[in-house]
Amino acid sequence: REDLLSEKGKPKPEAVFGYFDNENHFIHLISREGTRTERVLAYKDGYYQYGGLGYLKHRFQQLMPSKATTHYKTQVADKAVDHRFGSKNPSNSLYDNVIDLTPPEWKLNFTNGILDLEKMEMEEHTPDLPFTSQIPYSYQAKPEKPEKWLDFLNEVLPNPEQQIPKLQEWFGYG
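Bear in mind the structure is a predicted one, so any value in this text is a computation, not a measurement.

A.B. asks: What is the right way to read unusual backbone geometry from this model?
C.D. replies: Negative phi is the rule for most residues except glycine; trans is the rule for most peptide bonds. One non-glycine residue with positive phi stands out, namely D45, at about 55°. Relative to the helices and strands, D45 resides in the loop between β2 (38–44) and β3 (47–49). A residue is classified by how much of its surface remains accessible, and D45, at 55% relative accessible area, is exposed. Of note in the backbone geometry, M120 takes a positive phi value of approximately 55° without being a glycine. The topology assignment puts M120 in the loop between β5 (113–116) and β6 (121–123).

Structure, rendered in structure tokens:
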């Protein structure tokens, strides 16, 4: 990306971060007590994940000229990311406002989308909802019947017509 480099072929940090801002979403967390605890979360695969600084440094290095040495790429990436997210200058954060990381009530984040529990409808993933975790399964509104399990229960239970619904209720499936 030539527009991210100066005339001398060196990366322009603000142009690179403008590119990242448009391509990705990040949350910059700084502790209130003034400790050195600082994190950058990157939005990926439907939720905000820790490791945003490493991801940014890696992506920054990928945009550098191929003839640059690994050491040079690492130095420039570290300086650019520190300039942007350094705790000495928190106003350089991508988000200067306070962000509430409480996930929305009545919504569950699955790998295939967000389930609205009030409407029982799936929604697309969006960085506007601050999920920091995800249920590692796809939601299925109408899952297939567990035929092998039902066959087993019909075989071992003395009165399966009455006992299977009770088992489902007991296990929370009813």
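A.B. asks: Help me out: how do you make sense of the side chain of N109 in this one?
C.D. replies: The topology assignment puts N109 in strand β4 (residues 107–110). On the accessibility criterion, N109 (4% relative accessible area) is buried. Within polar-contact distance, the side chain of N109 engages the side chain of Q134 at 3.4 Å. Beyond its immediate stretch of four places on either side in the chain, N109 contacts G46, Y47, I114, H125, F131, S133, Q134 and I135.

A.B. asks: Is there a simple way to explain the packing of aromatic side chains in this structure?
C.D. replies: The relative placement of two aromatic rings is captured by the distance of their centres and the angle of their planes. Considering all chains together, one arrives at 4 aromatic pairs under this definition. Look at W170 and F171: their rings are 4.7 Å apart centre to centre, the planes differ by 75°, and that puts the pair in the edge-to-face class. Across this residue pair, the class does not change: W170 and F171 are exposed.

A.B. asks: What's the story with a nonpolar patch on the surface in this structure? I'm lost.
C.D. replies: Taken together, W106, L108, L117 and M120 make up a surface patch of nonpolar side chains, about 380 Å² in accessible area. Position of L108 relative to the elements: it lies in strand β4.

A.B. asks: Mind showing me how you'd approach helix α5 (residues 160–171) here?
C.D. replies: Each α-helix turn comprises 3.6 residues. Residues three or four places apart therefore point the same way. Over its 12 residues, α5 runs 16 Å from end to end, which matches the ideal 16 Å to within 8%, given 1.5 Å per residue. Once α5 finishes, G172 follows within two positions and takes phi at roughly 90°, a positive value.

A.B. asks: Hey, could you run me through a negative patch on the surface in this one?
C.D. replies: Judged by side-chain charge, E144, E147, D151 and E155 come together as a negatively charged surface patch. By secondary structure assignment, the location of E147 is in helix α4 (residues 147–156). With relative accessibility at 46%, the residue E147 sits in the partly exposed group.

A.B. asks: Mind showing me how you'd approach the pairing of β4 here?
C.D. replies: Moving residue by residue along a regular strand, the side chains alternate between the two faces of the sheet. Taken together, the 4 bridges between β4 and β5 define a ladder with antiparallel strand orientation. Residue pairing in the sheet places K107 in a bridge with D116 of β5. Between β4 and the antiparallel strand that follows it, β5, lie 2 residues.

A.B. asks: Can you help me understand the confidence of the model for the chain in this one?
C.D. replies: It should be kept in mind that the predicted coordinates are not to be read in detail where pLDDT is low. Summary statistics for the chain give a mean pLDDT of 78 and a share of 70% for residues scoring 70 or more. Counting contacts from residues 88–97, a segment whose pLDDT is below 50, to residues more than four positions away or on other chains yields 14 contacts.

A.B. asks: Got a minute to help me understand the sheet that holds β5 in this structure?
C.D. replies: The strands that make up a sheet pair up through hydrogen bonds in the backbone, lying either parallel or antiparallel. One open sheet accounts for 3 strands, arranged β4-β5-β6; its pairing is antiparallel. Here the strands that pair on one side only, and so sit at the sheet edges, are β4 and β6. Neighbour-to-neighbour, the strand axes of the sheet open up by a mean angle of 30°, direction not taken into account.

The rules we used
- Residues numbered from 1 in each chain as written.
- Predicted model: local features only at pLDDT ≥ 70, side-chain atom pairs only at ≥ 80, totals over all residues.
- Heavy atoms only, no water.
- Helix = DSSP H or I, 4+ residues; strand = E, 2+ residues; numbered from the N terminus.
- Buried < 20%, exposed > 50% of the residue type's maximum accessible area, 1.4 Å probe, protein only.
- Polar contact = N/O pair within 3.5 Å; in protein donor to acceptor, adjacent residues only side chain to side chain.
- Contact = heavy atoms within 4.5 Å.
- Phe/Tyr/Trp six-rings, centres within 6.5 Å; stacked < 30°, edge-to-face > 60°.
- Patch = residues over 30% accessible without salt bridge, like charges linked within 9 Å, V, L, I, M, F, W, Y side chains within 5 Å.
- Areas by Shrake-Rupley, 256 points an atom, 1.4 Å probe, with all protein chains shown as cover.
- Salt bridge = Lys/Arg side-chain N within 4 Å of Asp/Glu carboxyl O.
- Expected span 1.5 Å × (residues − 1).
- Lys, Arg positive; Asp, Glu negative; His and termini not counted.
- Charge placed at Lys NZ, Arg CZ, Asp CG, Glu CD.
- Pairing = 2+ DSSP bridges.
- pLDDT = per-residue confidence, 0-100.
- Axes fitted to C-alpha atoms, helices over the stretch in contact; angles between N-to-C directions.

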